[in-house]
Amino acid sequence: MARTRLILSLLIPVLAVGGPLPRPDRGGVPESKLYDYGVMGPPATPAIVAAADAAVATPLPPGPFAADWESIRKNYRTPAWFEDAKFGIFMHWGVYAVPAYHNEWYEKHMYGADMAWHTEHFGAPDRFGYKDFIPQFRQEKFDPAQWAALFRRAGARFVMPTAQHHDNFALWDSKVTPFNARRMGPKRDLIGELAAAVRKEGMKFGVSNHGVENFTFIDPPPALEDRMKAAKSDLYDPKWAAFYNVADRSPAAMARFLADWVNRNLELIDQYQPDVLWFDNGVNLRVLDPLKLRVAAYYYNRAQAWNKDVSISTKFVAYAPSNDDTQQVGSIIDFEKIGVRSPADIRPGPWMVDDTIGSTWGYTSGMKVAGGGAIVGRLVDTVSKGGFYLLNLSPKADGTIPEEQQRTLLDVGAWLDNNGEAIYGTRPWKQFGEESWRFTSKGGAVYAIGMPRDGSVVLRALGPGAGKVQRVEQLGRDGVLPFRQAQEGLTVEGISIAAGGLPAALKVSF
C-alpha cells in the first residue's frame, strides 16, 4: 500500500470528498460508444488506475496470457460451445426486487426522482435507506434445482445471473466484501447454489458484474445530503460508507474502489469458474484498460488450468482498444435490447444481445411480460444475423420466478423442442431473411422460419439462384412438403400453422 499512497500523493489532482464528480476522460472513445458516459463509471485518471492496480495483491497465475492487448489477441479464442448454443438466460436478481418499483435502478431513484414515493411507502431516505431493504431480500422460496430445471425446459444452453448490480450488493459468499448474500439478507451463497444446479442440468454458467458503476451511481440532492452528513446516517453512516461509495469520493477512495472491483472479479473467477464473465457499460472507458487486462489475463490463465473454454463479454468498445467495436480483443461483444442497439443485419464475429422478457430488467409490481411468440421471434431474428439471444428474467425478492415469466419460458422451450434444429449450431445464410421470414443454415441445409399465410409461402431468395432444392420438410412433422422452385422463388405448400403466434420452421435441402 505504500506504493499506492506514493502514486496518489504525487500524481493525482485533488478531488472533492463527496459531492459531484467530474466527467471522466473519454480517452479517444466516441461518446456514442460510451452509453451513459459520465454516469455509469468512475472518473478515474491513469494515476488512480495505477494506484488501484498496485493495491491488488493477487499475482497472475501461470499461463500464456499477459495483461496486455497483444497477448490477449494472440492467445484468445471464442469458445466453440458459445458459437453453437444460441440461447441463454440472464437475470436481474437483487435487492431492488424488494421495493419492486420503477426499475432495477431503484437505489439511484430513491435518493432523487422517486424520493417522494419512497418516503410515502417506507419513510424518508435518511431514516430508511436502500441498505434497509437487504433484510427483506430473503429469497426464502429460492429453489436452485427448480430454477435450473425450468431453464433447461426452456431450451437454454447457458445461464447467467447478476452476481452484483450497480447497488454493490454481492450475491455470493464473499471474503472481499462484507455486503454479501451469505452474511446478510438470505444468508445463502445464491451464486454458488445456482451454479451447481445449472451445471447439473448440463448448461453453461456465467456471472455478470455491474459493480464498477456503483461509485457514481447515487447523486443525492444537496438538502438530503446535508441532513445525512449532519446525522451520519445512511449514505454517510461510516458502517455503510463502502457499500454506498458516496461519503468519500476522494482519489484514494476511488483507487480502493477499483482495486476492490478487481478483487471481486478474481474471487468470482476462482470460486465459481464461470464460463462467461460479463461486464456492463462502466468498464468502457480506455483509462480502465490496465485493470480490465489484468482481470482478463487472470481469467484466461485460470481457465487453461481448468481446461475450460471461457470468455469475457462486454459492450461497445470496452475490449476494443482501437475504439472500433468490430475489432474486439478477448471479448464477445454484447448489445443491449433487440431493435435498440442490436445489429440490423448479419454481423461477422461472435456477438450476443441481452433482452428483457418484461417492461423492466429487475422485478417490478405490475410489470408487463412478453409472450412466447414474441420471444421466439426475437430469438430467431438474432440467430439469423449471427447472434446469441440472452433473455433476461426478473425474479422476485422471495426467490420465485413469476408464473407469467415461467409460462413464456415453457412456450419457448416447447417451440425449441420441435424446431431447435433450425437454431442450435446454425450459422447465418447469405442473407438473414426477407419480409417476415428469417433464414439460418447448417450442414448444407437452409432453414426458413416464419408465419405462413394460409399454409403456404413464396421464398424469393430460394429461387434457382440458391441452388437446386431437393426436399422441403417442416420441423416437428413427419414427411415432406410439396414445393415448386421457379424464377419467382420457392413456393412451399401444406405448412402447418402453430397456435399461439409461433412460427413454422422449414428445412430446405439442396
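Going by the structure above, here's the rest.
Residues numbered from 1 in each chain as written. Predicted model: local features only at pLDDT ≥ 70, side-chain atom pairs only at ≥ 80, totals over all residues. Heavy atoms only, no water.

Turning our attention to empty space enclosed by the protein. By rolling a water-sized probe across the atoms, one finds the places where empty space is left. On inspection of all chains with the given rule, the structure shows four cavities of 30 Å³ or more. Estimated volume of the largest cavity: approximately 90 Å³. Residue lining of the largest cavity: 13 residues in total, with Tyr-37, Gly-38, Gly-41, Asn-281 and Leu-285 positioned closest to the centre. Split by residue class, the lining of the largest cavity holds seven nonpolar, five polar and one charged. In this structure, the second largest cavity spans a volume of roughly 40 Å³. Phe-82, Glu-83, Lys-86, Pro-350, Trp-351, Gly-386, Gly-387 and Phe-388 together form the lining of the second largest cavity. Class assignment of the residues belonging to the lining of the second largest cavity gives a composition of four nonpolar, two polar and two charged. (1 Å grid on protein atoms, 1.4 Å probe; cavity = no way out; pocket = protein on both sides within 12 Å on 5 of 7 lines; lining within 4 Å. Points joined across faces, edges and corners; volume = space filled by probe spheres on them. Nonpolar A, V, L, I, M, F, W, Y, C, P; charged D, E, K, R; others polar.)

The next point concerns the packing of helix α2 (residues 46-55) against helix α12 (residues 289-306). Look at α2 against α12: their axes get within 9 Å of each other, and the N-to-C directions meet at 30°. Between α2 and α12, the angle is such that the two are roughly parallel. Contacts between α2 and α12 pair Val-49, Ala-52 and Asp-53 from the former with Pro-290, Leu-291 and Arg-294 from the latter. For the contact of α2 with α12, the class distribution of residues is four nonpolar, no polar and two charged. (Axes fitted to C-alpha atoms, helices over the stretch in contact; angles between N-to-C directions. Helix = DSSP H or I, 4+ residues; strand = E, 2+ residues; numbered from the N terminus. Parallel < 35°, antiparallel > 145°, perpendicular 65-115°, else oblique. Contact = heavy atoms within 4.5 Å.)

This part takes up the layout of surface pockets. Looking at the second largest pocket, its volume works out to about 320 Å³. Taken together, 23 residues line the second largest pocket, and the ones lying closest to its centre are Tyr-35, Glu-104, Trp-105, Glu-336 and Trp-361. In terms of residue class, the lining of the second largest pocket is made up of five nonpolar, eleven polar and seven charged.

A few words now on the side chain of Asn-284. Note that Asn-284 resides in the loop between β4 (276-279) and α12. Those residues within four positions of Asn-284 in sequence are excluded, and the remaining contacts are Val-29, Lys-33, Leu-34, Tyr-35, Lys-292, Lys-315, Phe-316, Val-317 and Ala-318.

This brings us to the nonpolar core. Among the nonpolar cores identified, the biggest contains 151 residues, and Tyr-130, Phe-151, Phe-169 and Leu-258 are the most heavily contacted of them. In terms of residue count, the dominant contributor to this core is helix α11 (residues 251-272) (eleven residues). With sequence-adjacent residues up to four places away left out, Leu-258 is seen in contact with Pro-42, Ala-44, Ile-48, Val-49, Ala-52, Val-212, Leu-288 and Leu-291. (Core = buried A, V, L, I, M, F, W, Y, C linked by side-chain atoms within 4.5 Å. Buried < 20%, exposed > 50% of the residue type's maximum accessible area, 1.4 Å probe, protein only.)

Take the side chain of Arg-294 next. As for its placement among the helices and strands, Arg-294 is situated in helix α12. At 3.0 Å, the side chain of Arg-294 forms a polar contact with the backbone oxygen of Val-56. Discounting chain neighbours no more than four positions away, the residues touching Arg-294 are Asp-53, Val-56, Ala-57, Thr-58, Leu-60 and Ala-67. (Polar contact = N/O pair within 3.5 Å; in protein donor to acceptor, adjacent residues only side chain to side chain.)

Below, the discussion takes up the packing of aromatic side chains. Scanning the entire structure with this criterion turns up 34 aromatic pairs. Centroid distance Trp-93 to Phe-142: 5.1 Å. Interplanar angle 55°. Geometry classified as tilted. With Trp-93 in the loop between β1 (87-91) and α5 (106-110) and Phe-142 in the loop between α6 (115-122) and α7 (144-153), this residue pair connects regions lying 49 residues apart in the sequence. Neither residue differs from the other here; Trp-93 and Phe-142 are each classed as buried. Considering the side-chain rings of Phe-158 and Phe-388, the 6.0 Å spacing of their centres and the 70° angle between planes classify their relative orientation as edge-to-face. Residue Phe-158 is located in strand β2 (residues 158-164), and its partner Phe-388 is located in strand β8 (residues 388-393); the two are separated by 230 residues in the primary sequence. Looking at Phe-388, the relative accessible area reads 1%, which means it is buried. What links up through ring pairs into an aromatic cluster is the set Tyr-101, Tyr-106, Trp-117, Phe-122, Phe-128, Tyr-130 and Phe-133. Over the aromatic face of Tyr-35 sits the side chain of Arg-341, whose NZ or CZ is 4.1 Å from the ring centroid. (Phe/Tyr/Trp six-rings, centres within 6.5 Å; stacked < 30°, edge-to-face > 60°. Lys NZ or Arg CZ within 6 Å of the ring centre and 35° of its normal.)

Now for the pairing of strand β16 (residues 504-509). The element β16 is largely enclosed, with a buried count of five among its six residues. Note: strand β11 (residues 445-450) against β16, six bridges, orientation antiparallel. In the strand pairing of β16, Val-446 is matched with Val-508. Bridge count for strand β13 (residues 471-474) against β16 is four bridges, and the pairing is antiparallel. Bridged to Gln-474 within β16 is Leu-506. (Pairing = 2+ DSSP bridges.)

Attention now goes to the pairing of strand β5 (residues 311-315). Of all five residues in β5, five are buried, a share of seventy percent or more. Side chains of β5 alternate between two faces, with Ser-311, Ser-313 and Lys-315 and Ile-312 and Thr-314 buried alike. Between β4 and its parallel partner β5, the chain crosses via α12, and the hand of that crossover is right-handed. By the bridge criterion, four bridges tie β5 to strand β6 (residues 331-336) in an arrangement that is parallel. Across the sheet, Ile-312 pairs through a bridge with Ser-331, a residue of β6. (Right-handed = clockwise from strand over helix to strand, strands pointing away.)

Further remarks concern the pattern of salt bridges. Going through the model one piece at a time under the given rule, you end up with 29 salt bridges. Note that Glu-31 and Arg-26 form a salt bridge whose closest N and O atoms lie 3.9 Å from each other. With relative accessibility at 41%, the residue Glu-31 sits in the partly exposed group. Classification of Arg-26 by relative accessible area gives partly exposed; the value is 33%. For Asp-237, the salt bridge identified is with Lys-239, shortest N-O distance 3.4 Å. One continuous salt-bridge network, built from bridges that share partners, spans Asp-280, Lys-315, Glu-336 and Arg-341. (Salt bridge = Lys/Arg side-chain N within 4 Å of Asp/Glu carboxyl O.)

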